[in-house]
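Notes for the structure review
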Amino acid sequence: MILSWIGVCAVLFVASCNCASFSKNLKDEPGKGPIKLNTRHRRQAGFLYCGNLDQYNPTTQLCCQDNIVSKPPGAVSPLCCDSEAYNPVTQFCCEGTVATKTTQPACCGGSDPYDLVLQMCCGDNVVSKPSGNGSIPGCCGSSTYDLNTQLCCADDHPSSKVGFVSPSCCSNQAFDANSYLCCDSHITPKVGVYSACCGSYSSYNTATQLCCNSQPVNSATMLCCEGRPVSKTPGTNSACCGSFSSYDTATQLCCNGLTAVTKTAPTSVCCGSAEYDTATQLCCNGQNGQTVASKPLSTSACCGSGSYDTATQLCCNGLSPTSKPTPTSTCCGSQVIDTNTHFCCDGSQPVLNSNMPANGQPECA
């Protein structure tokens, strides 16, 4: 009987211990018992976190910019293209755009895929390369052109240069510089080997012509005088005299820039609109302008519009000569004084030397 009670007590003790152990395990197991964990944040075996604790399977998925995306079928080492997955073996990425790989893939403007073999990127636009044997593709603005047969003289407007010897551009047009000139953006035919532009619409031969105010003229018979065509004076030394006439520089003078007059001597020059010989004449500025006066002596000079002898005369008023009484005579304003007896105050007032102060300094009132 005593042994039976001992057995019952042993069974109850074991059961009590098992209950205590079960309660402890239940309490500590995540998601069960008093402390429950959020099963969304509990990482599964072999999974990784993406973005805001979202789990993904790296075997079949990628985390691209916090988005879970499926790996492309057959991709061994897939990559992200912004928020999209792609296979780098068969595809390429252009700033978020996935495209199928071509022979020579490239990106245009960052996000537009194109094939370098068949296409070009011109002005951030994908355009087809020009076709044809021997073509040399290039960009003309946002379009393509063949460098072998065209010129790009303005964006998006290729021009043909087929048959041109010296292709060039004139504004937005192609032209042959071997036969034409570009004059102020206008294509003008050449007139010879020595052609040049004469204005915007014509050309001239620099060897035989002049360009006078946009008008070609014969350089053998004409001059261009201040923009006006003028006939040459007979002879080889013709030059312009003003804008309406010409003169012979060997035998004539152009006085006042307007009047052609005949030279009377090798020493002739102009005096206003007249000619005079510097060896025998003077050019004097009188009240009525420049006039020619005689030069009888080497000591002659101008006095007004005439001449006087500086050795025997004085010109005190600048208009007419007066005699010079003594070698020490001079002018004091419009008057003649003798410096032995007078001195001149303020350039116009004669004063006797007897009134000179003792210090020898004249005192002018």
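Residues take numbers from 1 onward in each chain, read along the sequence in its written order. With the structure being a predicted model, the display of local features is reserved for residues of pLDDT at least 70 and the display and counting of side-chain atom pairs for 80 or more, all residues being used for whole-chain, interface and lining totals. Side-chain descriptors were evaluated using all non-hydrogen atoms of the structure, hydrogens and water having been removed beforehand.

**Considerations on the side chain of Asp309**
As for its position among the elements, Asp309 is in strand β36 (residues 306-309). Each residue is assigned to one of three classes by its accessible area relative to the maximum for its type, calculated with a 1.4 Å probe on protein chains only: buried under 20%, partly exposed between the two thresholds, exposed over 50%. Residues scored as positive are Lys and Arg, those scored as negative are Asp and Glu, and His as well as the terminal groups of each chain are ignored. Note on definitions: salt bridges are taken to be side-chain nitrogens of Lys or Arg within 4 Å of carboxyl oxygens of Asp or Glu. Salt bridges are absent for the buried Asp309, whose nearest opposite-charge side chain, Lys324, sits at 8.8 Å. Here a polar contact means two N or O atoms within 3.5 Å. Within protein one must be a hydrogen donor candidate and the other an acceptor candidate, and residues neighboring in sequence count only if both atoms are side-chain atoms. Within the structure, Asp309 has its side chain in polar contact with the side chain of Thr299 (distance 2.5 Å). Note on contacts: a residue pair qualifies if any of its non-hydrogen atoms lie within 4.5 Å across the two residues. Those residues in contact with Asp309 that sit more than four places away from it in its chain are Leu297 and Thr299. Under the DSSP-based scheme used, a helix requires at least four consecutive residues in state H or I and a strand at least two consecutive residues in state E, with every element numbered from the N terminus.

**Quick word on the confidence of the model for the protein**
Each residue carries a pLDDT score, the predictor's confidence in it, ranging from 0 to 100. Averaged over all residues, the pLDDT of the protein equals 85, while 85% of them reach at least 70. Across residues 1-40, where pLDDT falls below 50, the model places 14 contacts with residues more than four positions away in sequence or in other chains.

**Section: the state of the cysteines**
Among covalent bonds in proteins, the disulfide is the one between the sulfur atoms of two cysteines. We call a pair of cysteine sulfur atoms a disulfide when they lie within 2.5 Å. Taken as a whole, this structure holds 20 disulfides when the rule is applied. Disulfide pairing is shown between Cys122 and Cys139; the S-S distance is 2.0 Å. Disulfide Cys122-Cys139: torsion about the S-S bond near -80 degrees, hence left-handed. On the criterion of sequence distance, the pair formed by Cys122 in strand β11 (residues 119-122) and Cys139 in strand β13 (residues 137-140) is long-range, its members being 17 residues apart. Given a relative accessible area of 35%, Cys139 falls into the partly exposed group. Put simply, Cys198 and Cys211 are joined by a disulfide, and their sulfur atoms are 2.1 Å apart. Measuring the twist about the S-S bond at about 90 degrees, one finds the Cys198-Cys211 disulfide to be right-handed. Here Cys198, found in strand β21 (residues 195-198), pairs with Cys211, found in strand β23 (residues 209-212); they are 13 residues apart in sequence, far enough to count as distant. Under the relative-accessibility criterion, Cys198 is labelled buried at 1%. Among the residues examined, Cys211 registers a relative accessible area of 30% and is labelled partly exposed.

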